[in-house]
Amino acid sequence: MLKARYTRTAKHTPLVVLEGGPFNGMESTPAQLRALAALLNEVAAHAETRPCVGRLWAPATESYDTAAWRACA
């Protein structure tokens, strides 16, 4: 499970804090890396659509299932 905490920088631009990722010593095939890249692109797109200023801004945490990219061989 990969958790993405959506927040903002001091300059009110999107900032994502990744938690729970298996990146330390991770071994992956090229297909797994491509699937992980697709998941990270999804996280980035979500961060860009969230408000970073005004009364609608609020930090949030989303969980993403990592089974799909781990299953790629």
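Residues numbered from 1 in each chain as written. Predicted model: local features only at pLDDT ≥ 70, side-chain atom pairs only at ≥ 80, totals over all residues. Heavy atoms only, no water.

Asker: Even after reading the chapter, I still don't get a nonpolar patch on the surface, so can you show me in this structure?
Answerer: Taken together, the side chains of Leu18, Phe23 and Leu40 define a hydrophobic patch exposed on the protein surface, amounting to about 240 Å² of accessible area. Within the secondary structure, Leu18 sits in strand 2 (residues 14–19). The exposure class assigned to Leu18 is partly exposed, which follows from its relative accessible area of 39%. (Patch = residues over 30% accessible without salt bridge, like charges linked within 9 Å, V, L, I, M, F, W, Y side chains within 5 Å. Areas by Shrake-Rupley, 256 points an atom, 1.4 Å probe, with all protein chains shown as cover. Salt bridge = Lys/Arg side-chain N within 4 Å of Asp/Glu carboxyl O. Helix = DSSP H or I, 4+ residues; strand = E, 2+ residues; numbered from the N terminus. Buried < 20%, exposed > 50% of the residue type's maximum accessible area, 1.4 Å probe, protein only.)

Asker: Would you explain the packing of aromatic side chains in this entry?
Answerer: Two numbers describe a pair of aromatic rings. These are the distance of the centres and the angle of the planes. With the rule as written, the count across this model stands at zero aromatic pairs. The side chain of Arg8 reaches across the aromatic face of Trp57, ending 3.8 Å from its centre. (Phe/Tyr/Trp six-rings, centres within 6.5 Å; stacked < 30°, edge-to-face > 60°. Lys NZ or Arg CZ within 6 Å of the ring centre and 35° of its normal.)

Asker: Where do I start with the pattern of salt bridges in this structure?
Answerer: Charged atoms that come close allow side chains of opposite charge to pair. Scanning the entire structure with this criterion turns up one salt bridge. One salt bridge connects Glu19 with Arg5, and the closest N-O pair in it is separated by 3.4 Å. Of this pair, Glu19 sits in strand 2 while Arg5 sits in strand 1 (residues 2–8); the two residues are 14 residues apart in sequence, bridging distant segments of the chain. Given a relative accessible area of 32%, Glu19 falls into the partly exposed group. The class for Arg5 is partly exposed, based on a relative accessible area of 33%.

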